[in-house]
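Chain residues, written in single-letter form:
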Amino acid sequence: MAKLTCDYNFAASKNLLGGISEEDLQAYKKKAALGYERLQAMVNDGKVGFPHLPKYDTTELKEFAKDVKTNFNDLIVVGIGGSALGIEAVVNAVLPYGYNAMSYTDRGCLPRVWVADNVDPSKIQSILKICTPEDTFAVVISKSGNTVETAENYSLIHEWFKSNVQDLKKHIVVVTDPNKGPLREYATQNNLKTFPIEASIGGRFSVMSPVGLVPAAFLGIDIDKMLAGAASITDEGIEQVMTLAAIYLYFMDKGKSINVLMPYSSRLDKFAEWFCQLWGESLGKKYTMDGKEITFGTTPVRTVGAIDQHSQIQLFREGPLDKVVTFIGLETHDNDVSVKGDFYEAFSYLNGLHLGKLLNSELKATEAALLTSKVPSLKIGLNILDEYSLGQLFMLFQYIVPIIGLSVNINPFDQPGVEEAKEYAYGMMNRTGFEAKKTQFEEIYKKDDAFII
Ligand code: PA5
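Definitions and cut-offs
- Residues numbered from 1 in each chain as written.
- Predicted model: local features only at pLDDT ≥ 70, side-chain atom pairs only at ≥ 80, totals over all residues.
- Heavy atoms only, no water.
- Axes fitted to C-alpha atoms, helices over the stretch in contact; angles between N-to-C directions.
- Helix = DSSP H or I, 4+ residues; strand = E, 2+ residues; numbered from the N terminus.
- Parallel < 35°, antiparallel > 145°, perpendicular 65-115°, else oblique.
- Contact = heavy atoms within 4.5 Å.
- Nonpolar A, V, L, I, M, F, W, Y, C, P; charged D, E, K, R; others polar.
- Polar contact = N/O pair within 3.5 Å; in protein donor to acceptor, adjacent residues only side chain to side chain.
- Buried < 20%, exposed > 50% of the residue type's maximum accessible area, 1.4 Å probe, protein only.
- Arc of directions from axis to C-beta.

(A) Region of interest: the packing of helix α1 (residues 22–44) against helix α13 (residues 387–407). Look at α1 against α13: their axes get within 7 Å of each other, and the N-to-C directions meet at 105 degrees. With respect to α13, the axis of α1 lies roughly perpendicular. Contacts from K31, A32, L34, G35, Y36, R38, L39 and M42 of α1 reach α13 at Y399, P402, I403, L406 and S407. Of the residues contributing to the contact of α1 with α13, the split by class is 9 nonpolar, 2 polar and 2 charged.

Take a look at the structure:
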């Protein structure tokens, strides 16, 4: 069983000037405990459901997935934000690099996977050019059923299917709210197979609901193992959750306005992207829940080791001391291999060196280098990266983030700041009900040619 460790040596005052002392840690743990208490109250009231997700009964889904796994060559996931980032993180972490380029047999006779998130025409057009409608299955995911990008991409896919397949129902599954929204109505009217996203599951907390599980099951990913990993955090990991939440809160109070996640594995690149949404959308809030101005939040930054040692580490070490860095390290890397290095004298020091060992040495080297520059860092350690440990990582941060938010009484589950731009865009598209937004937008969006050079 994968063991997750949290190492805060280089964030502690014993090693780092300005680091957290034992006394501060205890004080900030009390603050985190308040957040946890508030979270538990919301869970008990049925307002927040993510802690229950590991109990999701996967029987029906796994049964349904058998057909998709065996009968289709391509899977298109249509969704954006919380309805896409989770499955992208799962695919990136669990499936081999270059999976889509592998032969059908090398893929374990499972479909290739494409995520249609952005409405960038070149992306969706390429996907539709590569896939053939007869051999493609699509999962359309939207909690609200209302998201313009998802509606636009799906419209295109629908047209593509319509002119090429006999029975649309055999090619589509919809993941949306169980009762409301245009996508739910559409699915009901057209007798499409659906999987519900419960009201208590917010987009960025939904990777272990049908939002992530449905496409993952279609790709033969062990969803039960992922859920078991997530459950282990609730059962055994709350102490780690509280400690990390307390340390982040401490450094936020100390003015560290940037939170960097730096996994030393390219397989966690998309996980870092998922983390950025979770952290940014949940914690960036202007008001507390009782309406007081607070302007809370720190900026999440996604990096990957060792790549960013050749890029952002320069800034982290010698730029402003406004960052806290969280590394994720793997004890064992899949497919590890050693090199000979005997083809040229200058490279002979590499002889017998495993890539995984080099990567892990570089991680330690970067931890040490940041310490000498007085940059606090934490390290989450996994012995391997698989469905189980990925489930642990998801759940760890799904707890940490709302605990931080609720400890200062902001709402980590809403995103009022994203509405304005959406509504202006609806206005520009002449969507009924958004006429006033269109007028408001036209009043604001006035630009002078003198400032365009
Ligand atoms: O976290 C969130 O709530 C958002 O990022 C949503 O997931 C995103 O806007 C997509 O929404 P929907 O699933 O309703 O299409």
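(B) Focus on the side chain of T194. Following the sequence through the fold, T194 ends up in strand β6 (residues 193–196). In terms of polar contacts, T194 uses its side chain to reach the side chain of R184, at 3.2 Å. What T194 contacts, discounting residues up to four positions off in sequence, is V173, V174, R184 and A187.

(C) A look at the packing of α1 against helix α9 (residues 238–253). Running from amino to carboxyl end, α1 crosses α9 at an angle of 110 degrees, the nearest separation of the two axes being 8 Å. Our classification of the angle between α1 and α9 gives roughly perpendicular. Contacts between α1 and α9 involve D24, L25, Y28, K29, K31, A32, A33 and Y36 on the former and, on the latter, I238, E239, M242, T243, A245, A246, I247, L249, Y250 and D253. Counted by class, the contact of α1 with α9 contains 12 nonpolar, 1 polar and 5 charged residues.

(D) Representation of unusual backbone geometry in the model. Cis rather than trans, the peptide bond between G305 and A306 has omega equal to 5 degrees. If you trace the backbone, A306 turns up in the loop between β10 (299–302) and α11 (313–318). One non-glycine residue, T295, lies in the positive phi region at around 45 degrees. Considering the arrangement of structural elements, one finds T295 in strand β9 (residues 293–296). With a relative accessible area of 57%, T295 lands in the exposed category.

(E) Quick peek at helix α14 (residues 419–428). Among the residues of α14, Y424, Y426 and G427 are the ones counted as buried. Here the buried residues of α14 occupy an arc of 160 degrees about the axis, which is enough to place them on one side. Along its buried surface, α14 packs onto α5 (148–162) and α15 (435–444). With its phi angle positive at about 60 degrees, N430 sits one or two positions after the end of α14.

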